[in-house]
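Letter by letter, the chains look like this.
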Amino acid sequence: MARFGLPAFLCTLAVLSAALLAAELKSKSCSEVRRLYVSKGFNKNDAPLHEINGDHLKICPQGSTCCSQEMEEKYSLQSKDDFKSVVSEQCNHLQAVFASRYKKFDEFFKELLENAEKSLNDMFVKTYGHLYMQNSELFKDLFVELKRYYVVGNVNLEEMLNDFWARLLERMFRLVNSQYHFTDEYLECVSKYTEQLKPFGDVPRKLKLQVTRAFVAARTFAQGLAVAGDVVSKVSVVNPTAQCTHALLKMIYCSHCRGLVTVKPCYNYCSNIMRGCLANQGDLDFEWNNFIDAMLMVAERLEGPFNIESVMDPIDVKISDAIMNMQDNSVQVSQKVFQGCGPPKPLPAGRISRSISESAFSARFRPHHPEERPTTAAGTSLDRLVTDVKEKLKQAKKFWSSLPSNVCNDERMAAGNGNEDDCWNGKGKSRYLFAVTGNGLANQGNNPEVQVDTSKPDILILRQIMALRVMTSKMKNAYNGNDVDFFDISDESSGEGSGSGCEYQQCPSEFDYNATDHAGKSANEKADSAGVRPGAQAYLLTVFCILFLVMQREWR
């Protein structure tokens, strides 16, 4: 029996050795890594069949590896593209939301003006006939100026409306005193009595207040939507820094080099890298949230006392009421004008003129009822539009501070929060031990994963902070019923990129609008409210001063 012991032992040892050798060969196989590498469109000749020595690796952990030098270089570029793709999806969605809402509001306001002008023209033709047709350019000019204010903003609404009533008084005065001849100088004297005599009653004062508040709020709100989308698109046109790219490679693909192709990055590990790569975007959050709050305030005005729909729908009725007031008070008004401007010259004998009864406006309009409101191009009412956009604005709040977490919530980027022990921590399959750093540039000094220069805030981000601050100031003016000056400047607020994010070339754009308006006085008044961390205040103050001087040259 002893004779058979040694051969049996040797046979058993050989079997075990073969099994161990097979297991060892299997563990060193890089076939799955190679398959995934080729599936991304890379050359299979770059990928080894079995593990090799990793001394050539610059970023990924050295030792036995399934990655060649060529693989590490290509994975570095791929990780950068993967990052841009995931972040761009977040940016694209938000930018598309603002673009579509801006388009709807813009269509609505323009169509509302068109409908109001058409309604006034149709009713005045039916009611006043030839007399209106002879003076229709006066009313056309009114709507031309209202449209110009909404589109361009280069109109003083109060002065424009005062001019409209003065010109209307001149026309009306001629009609109710058609037996006299009036020179241009005399009519100019008549227009000076508009405020004193109030020939149109209280309609001009009320309408001026309503139109000014409603148009300022409407235009400012629409431009706020445009600014929001523009800020998102400009901030998103960025590229990761070299340090960020190294961290992305280590997070996304270095696990493949170890053969851990199914192990995803730990959530907190991803969070630190995203907060480092998106540090500059995080500094937008303070001013962005202030801007969103201001937009919501103006939205409340649009739903209430500054509702442009409730102002424009019955504007024909209001102007007709003013005309009626002038007719009712024509005798008293004429007498006071004759006293102030002197007696007019009667028309020459034999010249035929219209009688007062023929020239007087004698009809009144009935006001619109809500169900009779014309349907706009947007196919909705202002209330429904505002309700919808308010919900979107609330969802957009804290977008920039939430962006790192939202990226890591994507299953392509990290393991779930509950999978803390079975994830890639940058070195192996184990729990990630570092604490998650805060958002924003100033908090990245202690980021364990991404080296960030906290002394150099991104110029593009600073310009967008300025744009948001200026727009917020305008929103507050509009909320208080004050007119807002808009200065559209050339597209100088764009930049080469801020370090990371989605690419605007891929973002759906439904409008073209420049976010960085004239900074003006209001921006300086709010300069001390910027969301800047203490460590960077001195530097930012200098940068803002330089930006202000540069932008001042661009204003026009």
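Cut-offs and rules
- Residues numbered from 1 in each chain as written.
- Predicted model: local features only at pLDDT ≥ 70, side-chain atom pairs only at ≥ 80, totals over all residues.
- Heavy atoms only, no water.
- UniProt positions renumbered as here; feature names shortened; annotations may be inferred.
- Helix = DSSP H or I, 4+ residues; strand = E, 2+ residues; numbered from the N terminus.
- Buried < 20%, exposed > 50% of the residue type's maximum accessible area, 1.4 Å probe, protein only.
- Contact = heavy atoms within 4.5 Å.
- Areas by Shrake-Rupley, 256 points an atom, 1.4 Å probe, with all protein chains shown as cover.
- Axes fitted to C-alpha atoms, helices over the stretch in contact; angles between N-to-C directions.
- Parallel < 35°, antiparallel > 145°, perpendicular 65-115°, else oblique.
- Phe/Tyr/Trp six-rings, centres within 6.5 Å; stacked < 30°, edge-to-face > 60°.
- Lys NZ or Arg CZ within 6 Å of the ring centre and 35° of its normal.
- Disulfide = S-S within 2.5 Å.
- Expected span 1.5 Å × (residues − 1).
- Bend = angle between axes of the 7 residues up to and from the residue.
- Core = buried A, V, L, I, M, F, W, Y, C linked by side-chain atoms within 4.5 Å.
- Polar contact = N/O pair within 3.5 Å; in protein donor to acceptor, adjacent residues only side chain to side chain.
- pLDDT = per-residue confidence, 0-100.
- Nonpolar A, V, L, I, M, F, W, Y, C, P; charged D, E, K, R; others polar.
- Salt bridge = Lys/Arg side-chain N within 4 Å of Asp/Glu carboxyl O.

An unreviewed UniProt entry annotates the protein as GPC4 isoform 1 of Pongo abelii. Note on the protein: under the UniProt heading Sequence similarities (unreviewed entry), the record states "Belongs to the glypican family."

Participant: Before we go on, may I ask you to explain the overall build of the protein in this structure?
Facilitator: Counting its regular elements, the protein contains 23 helices and four strands. A burial count over the protein gives 51% of its 556 residues as buried. Counting only contacts in the protein whose residues sit at least 6 apart along the sequence, the fraction spanning at least 24 positions is 83%. Here the protein has roughly 26,700 Å² of accessible surface; of this, 51% comes from carbon and sulfur atoms.

Participant: Is there a simple way to think about the packing of helix H3 (residues 69–128) against helix H10 (residues 242–252) in this case?
Facilitator: In helix packing, the relevant descriptors are the interaxial angle and the interaxial distance, both defined with respect to the helix axes. Relative orientation of the contacting elements H3 and H10 amounts to 100°, with a least axis distance of 8 Å. Compared by their axis directions, H3 and H10 come out roughly perpendicular. Facing Glu72, Tyr75, Ser76, Ser79, Lys80, Asp82 and Phe83 of H3, the residues of H10 in contact are Thr245, Leu248, Leu249 and Ile252.

Participant: Looking at this model, I keep getting lost on the packing of aromatic side chains. Mind explaining?
Facilitator: By convention here, two paired aromatic rings are described through the distance between centres and the angle between planes. Within the structure shown, the criterion is met by 27 aromatic pairs. Judged by centre distance (5.5 Å) and plane angle (85°), the rings of Tyr37 and Tyr75 are edge-to-face. Of this pair, Tyr37 sits in helix H2 (residues 31–39) while Tyr75 sits in helix H3, and the two are 38 residues apart along the sequence. For Tyr75, a relative accessible area of 1% gives the class buried. Taking 5.6 Å as the distance between ring centres and 55° as the angle between the ring planes, the aromatic pair formed by Tyr432 and Phe434 counts as tilted. Ring pairs connect the aromatic residues Phe124, Tyr128, Tyr132, Phe139, Phe164, Trp165 and Phe200, which therefore count as one cluster. Positioned over the ring face of Tyr149 is Arg219, at 5.9 Å from the centre of the ring. Its end group placed over the ring of Phe306, Arg301 keeps NZ or CZ at 5.1 Å from the ring centre.

Participant: What should I look at first to understand unusual backbone geometry in this one?
Facilitator: A negative phi holds for most residues other than glycine; trans holds for most peptide bonds. At Lys198, a residue that is not glycine, the phi angle is positive and equals roughly 50°. Looking at the element boundaries, Lys198 is found in the loop between helix H8 (194–197) and helix H9 (203–236). The exposure class of Lys198 is partly exposed, given its relative accessible area of 46%. Its identity is not glycine, yet Lys398 carries a phi of approximately 60°, on the positive side. Its place among the elements puts Lys398 in the loop between helix H19 (382–396) and helix H20 (399–408).

Participant: I tried to follow the state of the cysteines on my own but got confused; where do I start?
Facilitator: In a disulfide, the sulfur atoms of two cysteines are covalently bonded to one another. Scanning the entire structure with this criterion turns up seven disulfides. Note on cysteine connectivity: Cys244 is disulfide-linked to Cys277, with sulfurs 2.0 Å apart. Sign of the S-S torsion, about 110° for the bond between Cys244 and Cys277, identifies this disulfide as right-handed. Here Cys244 is found in helix H10, whereas its partner Cys277 is found in helix H12 (residues 267–277), with 33 residues between them in sequence.

Participant: How should I be thinking about H3 in this particular structure?
Facilitator: At 3.6 residues per turn, the α-helix brings residues three or four places apart onto the same side. A rise of 1.5 Å per residue sets the reference length of H3, with its 60 residues, at 88 Å; its end C-alpha atoms lie 86 Å apart and thus fit the reference within 8%. At Ser88, H3 is deflected by roughly 25°, the largest bend along its length. Gly129, located one to two residues past H3, shows a positive phi value of around 55°.

Participant: Looking at this structure, I do not really get the nonpolar core. What am I missing?
Facilitator: For soluble globular proteins, the rule of thumb is that nonpolar side chains tend to be buried together. Judged by nonpolar contacts, the single largest core of 138 residues is most densely connected at Leu146, Phe221, Met274, Trp288, Met312 and Ile319. Broken down by element, the residue count for this core peaks at 18 residues, all from H3. Look past the residues within four positions of Met274 in its chain and what remains in contact with it is Phe83, Leu248, Met251, Pro404, Val407, Cys408 and Met413.

Participant: So what exactly am I meant to see when it comes to the environment of Asp283 here?
Facilitator: Summarising the element assignment, Asp283 is placed in the loop between helix H13 (279–282) and helix H14 (285–303). The class for Asp283 is buried, based on a relative accessible area of 15%. Residues Asp283 and Leu441, spaced 158 residues apart in sequence, show a C-alpha to C-alpha distance of 6.6 Å.

Participant: Explain the environment of Asp422 to me, please; I cannot follow it from the model alone.
Facilitator: Mapped onto the secondary structure, Asp422 falls in the loop between H20 and helix H21 (459–479). For the pair formed by Asp422 and Cys266, sequence separation is 156 residues and the distance between their alpha carbons is 8.1 Å. Every residue in contact with Asp422, bar those within four places of it in the chain, is listed here: Val263 and Lys429. Here the side chain of Asp422 touches Lys429 through a polar contact of 2.9 Å, side chain to side chain.

Participant: Hey, could you run me through the confidence of the model for the protein in this one?
Facilitator: Low pLDDT means the predicted coordinates in that region are not meant to be read closely. Put simply, the protein has an average pLDDT of 80, and 76% of its residues get 70 or more. Every residue in residues 14–26 scores below 50 in pLDDT, and together they form one contact with partners more than four places removed in sequence or on other chains. Here residues 352–378 is a poorly scored stretch, pLDDT under 50, and it has 63 contacts once near neighbours within four places are set aside; other chains count.

Participant: Would you mind showing me how to read the environment of His256 here?
Facilitator: By the secondary structure assignment, His256 is in helix H11 (residues 254–257). With relative accessibility at 10%, the residue His256 sits in the buried group. It is 8.8 Å that separates the C-alpha atoms of His256 and Thr65, two residues lying 191 residues apart in sequence. Filtering out sequence-adjacent residues up to four positions away, His256 remains in contact with Val33, Leu36, Cys66, Tyr75 and Val261.

Participant: Explain the packing of H3 against helix H5 (residues 136–151) to me, please; I cannot follow it from the model alone.
Facilitator: Two numbers describe how H3 lies on H5: the axes approach to 11 Å, and their chain directions differ by 175°. What the angle tells us is that H3 and H5 run roughly antiparallel. Residues Phe105, Asp106, Phe109, Lys110, Leu113, Glu114, Ala116, Glu117, Leu120 and Phe124 of H3 touch H5, and the partners they reach there are Phe139, Lys140, Phe143, Leu146, Lys147, Tyr150 and Val151. Residue composition of the contact of H3 with H5, by class: eleven nonpolar, no polar and six charged.

Participant: In this structure, what is going on with the side chain of Thr437? I would like to understand it.
Facilitator: Turning to its location among the elements, Thr437 is positioned in the loop between H20 and H21. The class for Thr437 is buried, based on a relative accessible area of 11%. Excluding anything up to four places from it in sequence, Thr437 contacts Asn272, Arg275, Asn443, Gln444 and Asn447.

Participant: What should I look at first to understand the pattern of salt bridges in this one?
Facilitator: When the charged atoms of two side chains with opposite charge come close together, those side chains can pair. In this structure the tally under the stated criterion is 20 salt bridges. With a shortest N-O distance of 2.8 Å, Lys147 and Glu117 are connected by a salt bridge. Taken together, the residues span a long stretch of sequence, with Lys147 in helix H5 and Glu117 in helix H3 at a distance of 30 residues. Classification of Glu117 as buried rests on a relative accessible area of 18%. Where salt bridges share partners, they join Glu89, Asp410 and Arg412 into one cluster.

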